[in-house]
Amino acid sequence: MDDLKIDDLRSLSLGDRATLIDTYAQSITVPPQIKPSLQTAYRRANAIKPLLLDYCHEQIAADRQGKSVLDRQNQSEAIVQKCHAFAQRFIDSIPSLVRSPDQVAENPKNLYELCGATLFTASNAISRSLSTKMGQLWEDLAKISPYAISPEKDFGIKITGIDITIFEVGQPNPIFTQLKTTPGTLTGSQKPRSQEELAIHEFSLFAAAFCLGSWNFSSPTIPRACGQKFWSKVGIEDGLVKDSVKTMVLDIEAAYLAFQSQQ
């Protein structure tokens, strides 16, 4: 079977793109050393790899024809918009994240609830949910750049352990990237899994949106990048991300405090 081409996908819906990609993926031979749990990821990644550079070039061309997000002002506005929309969605969800005093008393789920520490209980629920949901935001911010491609949002497929595929500015090879919040996001037990997920790709990267804390991930063959070193690979300014995220988090904190004062 010939390689999958961008023209094969251009007119298809997301669901039909995924179906066609998986059809092509079935013809790809998987090396024997790859674990069964990662064989679908290997097949899908190699099915789309031949078209990724052309897809990226089309995104770059479209970006240049409009208000290019590589322009600092346009980029700032796009990042602010993404962060503001995220903040509003999260603020709207706050009431559903905080259990009522009766629910806590009837069925405590952690030590704070058992002890009746209502402030700790609520803030713990908010911070855990926020940390989880922000993981998707970093992918959305990276996707602002025409140098970033989302397997799920662009092709309707999931590639295990991969959040985005990036083309470093000026480079021709797709880099299959796992993107976390900070270098220390992984737990000790998650590290080997991430190493295995990234190692099946010829070019891969373990990335963190912010350089906060020490790395929990290390590999002699898989590079890593955080903060400015990561964002610059796709032409995004680290400072703009930091400024918008700071405003977003403080807005969410203010909304949470206002909610608590009304309880």
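What counts as what
Residues numbered from 1 in each chain as written. Predicted model: local features only at pLDDT ≥ 70, side-chain atom pairs only at ≥ 80, totals over all residues. Heavy atoms only, no water. Helix = DSSP H or I, 4+ residues; strand = E, 2+ residues; numbered from the N terminus. Buried < 20%, exposed > 50% of the residue type's maximum accessible area, 1.4 Å probe, protein only. Contact = heavy atoms within 4.5 Å. Areas by Shrake-Rupley, 256 points an atom, 1.4 Å probe, with all protein chains shown as cover. Lys, Arg positive; Asp, Glu negative; His and termini not counted. Charge placed at Lys NZ, Arg CZ, Asp CG, Glu CD. Salt bridge = Lys/Arg side-chain N within 4 Å of Asp/Glu carboxyl O.

Asker: Can you help me understand the overall build of the protein in this one?
Answerer: Tallying secondary structure elements over the protein gives 11 helices and 5 strands in all. Seen through its principal axes, the protein has C-alpha atoms that stretch 65 × 45 × 35 Å. Looking at the protein as a whole, 43% of its 263 residues qualify as buried. For the protein, long-range pairs separated by at least 24 residues make up 61% of all intrachain contacts whose partners lie at least 6 apart in sequence. Here the protein displays about 13,900 Å² of accessible surface, and carbon together with sulfur accounts for 51% of that area. Side-chain charges of the protein comprise 27 positive and 29 negative groups, with the mean position of each set lying 4 Å from the other.

Asker: How should the environment of Gly 15 be read in this particular structure?
Answerer: Secondary-structure assignment places Gly 15 in helix H2 (residues 14-25). Placed 140 residues apart in sequence, Gly 15 and Phe 155 show a C-alpha to C-alpha distance of 7.9 Å.

Asker: Can you help me understand the pattern of salt bridges in this one?
Answerer: Close approach of charged atoms allows side chains of opposite charge to pair. This structure, assessed with the given rule, holds 11 salt bridges. As a salt-bridge pair, Asp 140 and Lys 153 come within 2.1 Å of each other at their nearest N and O atoms. Of this pair, Asp 140 sits in helix H7 (residues 118-142) while Lys 153 sits in helix H8 (residues 151-155); the two residues are 13 residues apart in sequence, bridging distant segments of the chain. Residue Lys 153 is classed as partly exposed on the basis of its relative accessible area, which comes to 42%. With a closest N to O distance of 3.4 Å, Glu 168 and Lys 233 form a salt bridge. Linking Glu 168 in the loop between strand S2 (164-166) and strand S3 (175-180) with Lys 233 in the loop between helix H10 (228-231) and helix H11 (238-261), this pair joins segments that are 65 residues apart in sequence. Under the relative-accessibility criterion, Glu 168 is labelled partly exposed at 28%. On the basis of relative accessible area, Lys 233 is assigned to the buried category, the value being 14%.

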